[in-house]
Amino acid sequence: MKKYKFILLVIMFLLKTIVAESQNKTNEMVINHFVKAVFFEKNNTKFIADNYIYFEPINNTKYSTEDRIKILDKHLKKIKKEKSSLINPANFSVVPYNEYKGVKAVFSKTSDNIFILISKNNPVMYFSVINDKIFSFDYITKGDESLFITY
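This structure is a prediction, so every number in the text was calculated from the model and none was measured. (Residues numbered from 1 in each chain as written. Predicted model: local features only at pLDDT ≥ 70, side-chain atom pairs only at ≥ 80, totals over all residues. Heavy atoms only, no water.)

### Focus on the pattern of salt bridges
Turning to step 1, where the next piece is worked out: One pass over the full model with this rule turns up 3 salt bridges.
Turning to step 2, where the next piece is worked out: Here Asp138 and Lys78 are joined by a salt bridge, their closest N and O atoms 3.2 Å apart. Of this pair, Asp138 sits in strand E5 (residues 138-142) while Lys78 is found in helix H3 (residues 65-83), placing the two residues 60 residues apart along the sequence.
Turning to step 3, where the next piece is worked out: The class of Asp138 is buried, set by a relative accessible area of 7%. (Salt bridge = Lys/Arg side-chain N within 4 Å of Asp/Glu carboxyl O. Helix = DSSP H or I, 4+ residues; strand = E, 2+ residues; numbered from the N terminus. Buried < 20%, exposed > 50% of the residue type's maximum accessible area, 1.4 Å probe, protein only.)

### Considering the environment of Asn51
Turning to step 1, where the next piece is worked out: If you trace the backbone, Asn51 turns up in helix H2 (residues 45-52).
Turning to step 2, where the next piece is worked out: In the structure, Asn51 is positioned 18 residues away from His33 in sequence and 9.4 Å away in space, judged by C-alpha atoms.
Turning to step 3, where the next piece is worked out: In this structure the side chain of Asn51 is engaged in a polar contact, spanning 2.8 Å, whose partner is the backbone oxygen of Phe47. (Polar contact = N/O pair within 3.5 Å; in protein donor to acceptor, adjacent residues only side chain to side chain.)

### A short note on the environment of Lys101
Turning to step 1, where the next piece is worked out: Relative to the helices and strands, Lys101 is located in the loop between strand E1 (92-96) and strand E2 (114-119).
Turning to step 2, where the next piece is worked out: Given the relative accessible area of 72%, Lys101 is considered exposed.

### Some points on the sheet that holds E2
Turning to step 1, where the next piece is worked out: Taken together, the 4 strands give an open sheet; going across it, the order is E1-E2-E3-E4, and neighbouring strands pair in antiparallel fashion. Every other strand in the sheet has two partners, leaving E1 and strand E4 (133-136) as the edge strands with one partner each. Averaged over all adjacent pairs, the angle separating strand axes in this sheet is 40°, with direction ignored.
Turning to step 2, where the next piece is worked out: Relative to E2, E1 runs antiparallel, the two being bridged by 5 bridges. (Pairing = 2+ DSSP bridges. Axes fitted to C-alpha atoms, helices over the stretch in contact; angles between N-to-C directions.)

Interpretation note: all reported values are geometric properties and have no functional meaning in isolation.
What follows is the structure, encoded as structure tokens:
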């Protein structure tokens, strides 16, 4: 009986690992498409919002979805201006935060859903992902910790 429990535990561990790796690949693909859409293709903000951005539900009637897309548009213009020269269009990659061993920003929350855009062997951007969409790609650093800004 103990042997079967052990085998079952091993199988469950393997399945969990496979599912996690598959999820990471999906998230990496979403971020790759986002980077291409923002930096190398001329997609509009509405297209980017609809396809790549996760808008957290809010109970505040002050900000409509259109208002949030306008805020996102400002953030997109900012990152295009600041980051375009840092990204090599022929050689960039997206890696899970926990797998990157170089110097990186430190986030206070769990890093399981954080990914790093690497170009020219350096971190260029950080992404927080939820439900196969980008929750945030902009952050601030306070002291030793970094915090994502959402839209």
